[in-house]
Structure formats: C-alpha cells, structure tokens
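This is what each chain is made of:
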Amino acid sequence: MKNIIVGTAGHIDHGKSTLVKALTGIDPDRLKEEKERGITIDIGFADLELSSEVHIGFVDVPGHERFIKNMLAGIGGIDAVLLVVAADESIMPQTREHLDICALLKIPTGIIAITKCDIVDQDILEIVRGELRAHVKNGFLQNAPIIPVSAACGLGLDELKKALLKTAQSVPSRNSQAVFRLPIDRCFTRHGFGTIVTGTLMSGMISRDEEVEIYPTGRKSRIRNVQVHNRPVDYAIAGQRTALNLQNVEVSEIQRGMQLSVPNRFHPSLMVDTKLHLLETSPIPLTKRTRVRLHHGTSEVLATASPMGVKEILPGQTSFARITLESSILAVLGDHFILRRISPMVTIGGGTILDARPVSSRKNLNSTLENLMNLDPNDLKKAILQLAHRSALSGIDEDQILSRTLAPREAIRALLSELARSNQIEQLAENPFQAIAKKSFEQLCQKSVDAIKDFHTRQPLLQGISKGELYSANFKSSSQTCFKAVMDYLSARGQIVIEQDRVRLGGREVTLNQRESSAKQQIEEVFRKAGLKVPQLQEVLSTLTVPESQAKQLLLMLTKERKLIKISENLFFHTDSINQLKNVLGAYRKETEKIDVGKFKNLTGISRKYAIPLLEYLDRERITKRVGEFRMILLK
C-alpha cells in the first residue's frame, strides 16, 4: 500500500480542521483549549484509507500567525498540500505565508479546496476561484484542481477524495531503502508503556527491538513498540505517521525538533552552508550575521545567517549563505529549511542545505563557492565527486559520505566504485572504501617523484630518500593509506624502486667517482682492521680526501650495504668483526650460558667504552639477554 502525507494550509478559521474531520471522521484538534476556543493551536493528525492501494495521513496545521512555528513543525514532512480557502474571505495573509512556506520547502504538488461554499452565491464563488488561479499562477499549484466543498452539507467531498487519490498516485513514494529518519513532533508518556514519540517517517523503515539514536544528544535507545495511525504494527515504513515506544529514556530527555535515526552515523551540525532564496515580500535584505529563526524538520533554532560571495541578498534574490546555529541539528544534503525574522516573526525566506559540515571559507571563499555549486542534492554521484575534490589531498572515505546523506551504504559503495572505474577517483582502500580525486592523486604522485629527484640532486651518494622524510615532505595533509597507495602506484609502473625504508627513482644507481670510491674503500678498511677496537668516527672522517658531508654519505652507504653496523650514533663496527664476536660467544656458551661485563671484556680484549655499547646492541639483536648483572647468551 502506498502511504503519503498531506498537510493542510490556510488562514485561521477557514475550516481546515473541519474539512479533515469531514473527510476522515477524525477530529484533528486534540487539545482541550483547541476545542474550547474553536481554533487549531498545535498540529493535529488524522488518516484516511482512500483505496486498497492508497493510505493518506493528514497533518492539520494551525492558521493563526501566532502559531506559524507549530505549523512549520508539521508541514516539513508532507508530500502534498491541501490549501484551504474560505469562500466568504478568499485569500488572506496566512494563505499567502503558508503558500510561500510550501514553495520554499519544495512541496511538489497539492489541491485547493474552497470551503464554506454553502454560504456564498455562485458569483462570489467564481470570483474566489479566479483570485486563487491568479495567485498560484507560475507556482507549484498552478495546475492544481480547485474544488468547492462544504463540510457542513458534504458538498464536493467525493470529488475532493477523487482528487486526493489522483494526487497520491502521482506523488513518488518515499525511499524505504534509505536510512531510517524520524523528526519528532510530539513526545509524551503513557502508563504501562513509558516514553512515546511521534513523527512522520521521512525515509527508511523501523522495526521493534531496533536500536536508535536520538539526535543531536547522542542518547541511545531501543524500540519497544511501533504504531502506525494508532494501530500496533511490527514495523513502519517511509511515508507513515509513526509512534515509537522508547526503552530506558525519560520524556524529559526528548523534545520536539530532535530526530531519531540509526546510531553512530551522523554528526550534528552547528553550521550549514545553504542555497537561500529571500522572498520578494521579505521586509529586510539578508546582510552579514542577520539574526534569524531557522525552522528545519520539526525544530526551531536561533541562528545568524550571512551571504556568501555577495554583500547582501535582496528580497527576491537567491544566493549561497552560511547559517551558524545556536544549538545543533541533524542535517544532511538536500534538507529544506525556512528562515523567519526574530521580531516581528515573519517568514523571510528558505532554501536547501548543501553542506552540513562546512570548512572555513575565510582563506578560500572561491573554493567554497565552487564546492557549493557542485553539491547537487539531485545527483548524488556528482556530490560525492565534489566531496572528493573538496577533500583534496586528504581523500575521503565512505563513512564521511554516509554522515552527509541518507543513502544506504551499498548505494554509496556502488557510486564510489563507478567513479573509480571511470577514472574520476582513485581507490585507496576497500573496507571502508577510501578514495581521493584523480587530480589530487596525480598531484601527489608528481610531487613524490619531484621530491625524490630533488633528494638525488642534493644527496647523489645516497641510494634514496627515507619513507619518513618523503611522507613528511608531501603527505602531511594526507593519510598513511594514501601514501602507501601512491608508493604502490609509482612502484608498479617502474617510476620508483622501494628498498626497505628507502625510495629511489627507477633505473637510478649510485655511481661513485674515483675519489669517492677510494674514500669508501678506505673507510671500510679502517673498520675491518680495527676489529672491536674501532677508532672515533670523527677521527676516521678527518683522514679522508672528500668533504665531511660526502664522507658521512659514504658511511651511510656502507651501513645500507651491511658492510658496517651502526651500534650507536658515533660507533660503527665492521660486519666481519661482529660475526667473529658471535662466533666467540657461541664457543663460550658451550662452557656457560652466563657472562658478565668483566668476562666479556676479558673474552674480547676490549675496554668498557666498547663493551657496554656492544652488549646493549647484542641485547637488541636478541643474541644476549640481560638478567640482573649477567647476560644470558642466546646463541646456539
């Protein structure tokens, strides 16, 4: 069965609630004060099964200007509007404001009902019809049927039901495959059940025993019971008026404006970048840090709004704007909102949220504006690609995208894979899917090659740059995952060669001239002849005919070739000497496994200056193990 939500709209005392009751048999006015005063104060609800295939949930909203904020809490989740205009008054101020709000919220379609037709003559009725047709011309209701009705005598109700059925059939079904999301419009307790919240299920589905998170507080709960249109069910799907019984949550912890959704997915926002339209009827332009009330979902939040890229937004204009909130909300790409003036409280505009997690625009406003121009709520693949471009060298993963949209994980992964296959992004990791824009990846590859070339120019005697130095030079804004992907990419194409912790250009070998080659041999020979009684490093370097900087590079080459072993910062031994020492210790172990510093000195014929560093090296290499004052020889 298809489920849609229809919201009423119109001026006070034009008969919205009476019409809903005549259609459904349910009085949407639930408050005692509403019944006593005969006006709607808060949002009310009713439902109607139009056919075996279509079920309509009605959200009845107040028409009085004092209760517009309550109207906004109910109108944001509707699929179509039922605009109600009394035949004896025609278009009134709240008729216009409600229509403006529906247009700003991108309500796609609706029906116009002229009520109280039984108390006016036909001429008046035709005048009202003409005024309505003129008023909605070029708007979203320009082709809407205009149906005269009377709740008192039943005139036109059957025709209205047929129009509602036709409208319901034309409205796209809400996405039940998307992530579950329910903005809360009521919360209360019921004896024997505990805390209950209600709202219009905007997307996805929810079942009993599922875990949920209350946003923006982060409080977790579990669903005890589910009701749809006051009937117990096992689950609810998108487009249904839903009541959820929450476990282990006090009603004092919840209020209208909060939202329920899946746990640990979203990050509440205190700042949003938007595309904002200012109504032609707005009494003020939007300038820097204009104080406003933001209505989003069922919430009302005080905020400041500032134009982006222009000094001000004039009435009738559309531009980008950044809105800074005084309390956080759960917002995603494509959410609609309304802005009202602080005082007097009139609707001034509204728009669409493009980025619920914006970065600072102070340094690069042009880049921020370009990002917003490419964040299309109706093209998720394009939006994902733009997020990858915006993340530049840091890359993006699927969890970052999921936190900005209601799309299921499978859909996001499919779009990322499609972008990777079309060579628009480079995949960095599989689980979670991590990627970087192809342009940024190629930039990192080129920067890496250039850095290696520069290193070879500066240090011609060294085999290659260390991975740590290369990472620090080019990948501070990136991740280790991205660094590895770049190295693997360049290595697979033969552009670089990776040897242990060193990286060099492909095809490059260190070539020594005669003087350098002679100095290298001289260094090795000095340490080979010295055995375990090696000279001071500076002493060796001072005897060479090459500059000290080159001599140290030659020393490093010998270390990398494993001809010399570095024991400490200034203490090197020839590999042959260390191997001979291992043989000596192996022979000694046949007599005893224990050796102390004194025995080690006697065994090797060296002083304590050499013995202690050598023993510490042997400990690190797991050739010996220190136990108190002794070492245990581990060689077999």
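Residues numbered from 1 in each chain as written. Predicted model: local features only at pLDDT ≥ 70, side-chain atom pairs only at ≥ 80, totals over all residues. Heavy atoms only, no water.

(A) Quick look at the overall build of the chain. Across its full length, the chain holds 19 helices and 33 strands. A globule of 636 residues ought to have a C-alpha radius of gyration of about 26 Å, yet the chain, at 37 Å, is considerably larger. For the chain, the spread of C-alpha atoms along the three principal axes comes to 120 × 55 × 45 Å. Taking all contacts inside the chain whose residues are at least 6 apart in sequence as the whole, residues at least 24 apart take part in 66%. If you sum the accessible surface of the chain, you get close to 30000 Å²; carbon and sulfur atoms cover 47% of it. Of the side-chain charges in the chain, 86 are positive and 72 negative, and the distance between the mean point of each set is 8 Å. (Helix = DSSP H or I, 4+ residues; strand = E, 2+ residues; numbered from the N terminus. Rg over C-alpha atoms; globule rule 2.2 N^0.38 Å. Contact = heavy atoms within 4.5 Å. Areas by Shrake-Rupley, 256 points an atom, 1.4 Å probe, with all protein chains shown as cover. Lys, Arg positive; Asp, Glu negative; His and termini not counted. Charge placed at Lys NZ, Arg CZ, Asp CG, Glu CD.)

(B) Broad picture of the sheet that holds strand 31 (residues 594–595). Taken in spatial order, the three strands make up an open sheet running 31-33-32, and their pairing is antiparallel. Edge positions in the open sheet fall to strand 31 and strand 32 (624–627), since each of these has one partner strand only. (Pairing = 2+ DSSP bridges.)

(C) Local environment of the environment of Val179. With respect to the helices, strands and loops of the structure, Val179 is situated in the loop between helix 6 (157–170) and strand 7 (181–183). Residue Val179 is classed as buried on the basis of its relative accessible area, which comes to 8%. Separated by 162 residues in the primary sequence, Val179 and Arg341 have C-alpha atoms spaced 33 Å apart. (Buried < 20%, exposed > 50% of the residue type's maximum accessible area, 1.4 Å probe, protein only.)

(D) Molecular detail of the side chain of His295. Residue position: His295 is located in strand 18 (residues 290–296). Not counting residues up to four positions away in its chain, the partners in contact with His295 are Lys69, Leu72, Glu300, Phe337, Ile338 and Arg340.

(E) Local environment of the pairing of strand 2 (residues 44–49). Within strand 2, five of the six residues are buried, leaving the element largely enclosed by the surrounding structure. Sheet analysis places strand 2 next to strand 3 (residues 54–60), joined by six bridges and oriented antiparallel. Following the sheet pairing, Asp47 is matched in strand 3 by Gly57. Hairpin connection from strand 2 to strand 3: four residues lie between these consecutive antiparallel strands.

(F) Structural view of the packing of aromatic side chains. All told, the structure shown has six aromatic pairs when counted by the stated rule. Here Tyr471 and Phe483 contribute two aromatic rings whose centre-to-centre distance is 5.4 Å and whose plane-to-plane angle is 90 degrees, an arrangement assigned as edge-to-face. With a gap of 12 residues between them, Tyr471 in helix 12 (residues 467–474) and Phe483 in helix 13 (residues 480–492) connect regions that are remote in the sequence. Judged by centre distance (6.5 Å) and plane angle (80 degrees), the ring pair of Phe573 and Tyr610 falls under edge-to-face. Taken together, the positions of Phe573 in strand 30 (residues 571–574) and Tyr610 in helix 19 (residues 608–620) put the pair 37 residues apart, joining distant regions of the chain. (Phe/Tyr/Trp six-rings, centres within 6.5 Å; stacked < 30°, edge-to-face > 60°.)

(G) Main features of the sheet that holds strand 27 (residues 496–499). One open sheet holds the three strands; their spatial order is 26-28-27, and the pairing between them is antiparallel. Two strands in the sheet have a free side with no partner beyond their single neighbour: strand 26 (465–466) and strand 27. Each of strand 27 and strand 28 (502–505) is contacted by helix 13, which is oriented at about 115 degrees to strand 27, the strand it contacts most. (Axes fitted to C-alpha atoms, helices over the stretch in contact; angles between N-to-C directions.)

(H) Here's a closer look at helix 13. Here helix 13 spans 18 Å end to end across 13 residues, near enough to the 18 Å set by a 1.5 Å rise per residue. Among the residues making up helix 13, those that are buried are Cys482, Phe483, Ala485, Val486, Met487 and Leu490. Tucked into the core, helix 13 has its buried residues touching strand 24 (425–429), strand 25 (434–437), helix 11 (438–458), helix 12, strand 27 and strand 28. (Expected span 1.5 Å × (residues − 1).)

(I) Quick peek at the pattern of salt bridges. A full pass over the atoms with the stated rule returns 33 salt bridges. A salt bridge links Arg409 to Glu398; its shortest N-O distance comes to 2.6 Å. Residue Arg409 is located in helix 10 (residues 409–421), and its partner Glu398 is located in helix 9 (residues 398–402); the two are separated by 11 residues in the primary sequence. A relative accessible area of 37% places Arg409 in the partly exposed class. (Salt bridge = Lys/Arg side-chain N within 4 Å of Asp/Glu carboxyl O.)

(J) Focus on unusual backbone geometry. With an omega dihedral of 10 degrees, the bond running from Tyr215 to Pro216 counts as a cis peptide bond. Position of Pro216 relative to the elements: it lies in the loop between strand 11 (211–215) and strand 12 (219–228). Following Asn431, the chain continues to Pro432 via a peptide bond in cis, the omega torsion being 0 degrees. The topology assignment puts Pro432 in the loop between strand 24 and strand 25. Its identity as a non-glycine residue notwithstanding, Asp13 has a phi of 65 degrees, on the positive side. Residue position: Asp13 is located in the loop between strand 1 (2–9) and helix 1 (16–24).

(K) Main features of the nonpolar core. Core analysis: the largest hydrophobic core is formed by 39 residues, its most contacted members being Ile523, Phe527, Phe573, Leu585, Phe600, Leu614 and Leu618. If you list the elements that add at least two residues to this core, you get helix 14 (514–530), helix 15 (537–541), helix 16 (548–560), strand 29 (564–568), strand 30, helix 17 (575–589), helix 18 (597–604) and helix 19. For this core, the element with the highest residue contribution is helix 19, accounting for six residues. Residues contacting Leu614, with those up to four places away along its chain left out, are Leu532, Ile567, Phe573, Ile578, Leu581, Phe600 and Ile606. (Core = buried A, V, L, I, M, F, W, Y, C linked by side-chain atoms within 4.5 Å.)

(L) Geometry of the layout of surface pockets. Reported here for the second largest pocket is a volume of approximately 610 Å³. Thr198, Gln227, His229, Asn230 and Ala243 are the residues nearest the centre of the second largest pocket, which is lined by 28 residues in total. For the lining of the second largest pocket, the elements supplying multiple residues, two or more each, are strand 2, strand 8 (186–190), strand 9 (194–200), strand 12, strand 13 (231–233) and strand 15 (241–246). At five residues, the largest contribution of residues to the lining of the second largest pocket is made by strand 15. Its residues placed into classes, the lining of the second largest pocket shows 14 nonpolar, seven polar and seven charged. Domain assignment of the residues forming the lining of the second largest pocket places at least three in each of domain 1 (2–170) and domain 2 (181–261). (1 Å grid on protein atoms, 1.4 Å probe; cavity = no way out; pocket = protein on both sides within 12 Å on 5 of 7 lines; lining within 4 Å. Points joined across faces, edges and corners; volume = space filled by probe spheres on them. Nonpolar A, V, L, I, M, F, W, Y, C, P; charged D, E, K, R; others polar. Domains from an automatic or database assignment.)

(M) Region of the structure containing the domain arrangement of the chain. Its domain assignment divides the chain into domain 1 (2–170), domain 2 (181–261), domain 3 (269–355), domain 4 (379–511) and domain 5 (514–633). Measuring from the centre of the C-alpha atoms in domain 3 to the corresponding centre in domain 4 gives 38 Å.

(N) Spatial organisation of empty space enclosed by the protein. Here the structure, examined in full by the defined rule, presents one cavity of 30 Å³ or more. Every residue lining the largest cavity is listed: Leu333, Leu354, Asp355, Ala356, Leu375, Leu380, Ala383, Ile384, Leu387, Ile401, Arg404 and Thr405. Among the elements that make up the lining of the largest cavity, the one with the highest residue count is helix 8 (residues 380–391) (four residues). Taken together, the residues of the lining of the largest cavity break down into nine nonpolar, one polar and two charged.

(O) Representation of the environment of Leu23 in the model. In this structure, Leu23 sits in helix 1. Relative accessible area serves as the criterion here: at 3%, Leu23 is assigned to the buried category. Along the primary structure Leu23 and Ala321 are separated by 298 residues, whereas in three dimensions their C-alpha atoms are 42 Å apart. For Leu23, the contacting residues outside a window of four places in its chain are Leu48, Phe58, Leu157, Leu160, Lys161 and Leu164.

(P) Focus on the side chain of Glu213. The topology assignment puts Glu213 in strand 11. Residue Glu213 is classed as buried on the basis of its relative accessible area of 7%. Apart from residues lying up to four places away in sequence, Glu213 is in contact with Gly218, Arg219, Lys220, Gln259, Leu260, Ser261, Val262, Pro263 and Asn264.

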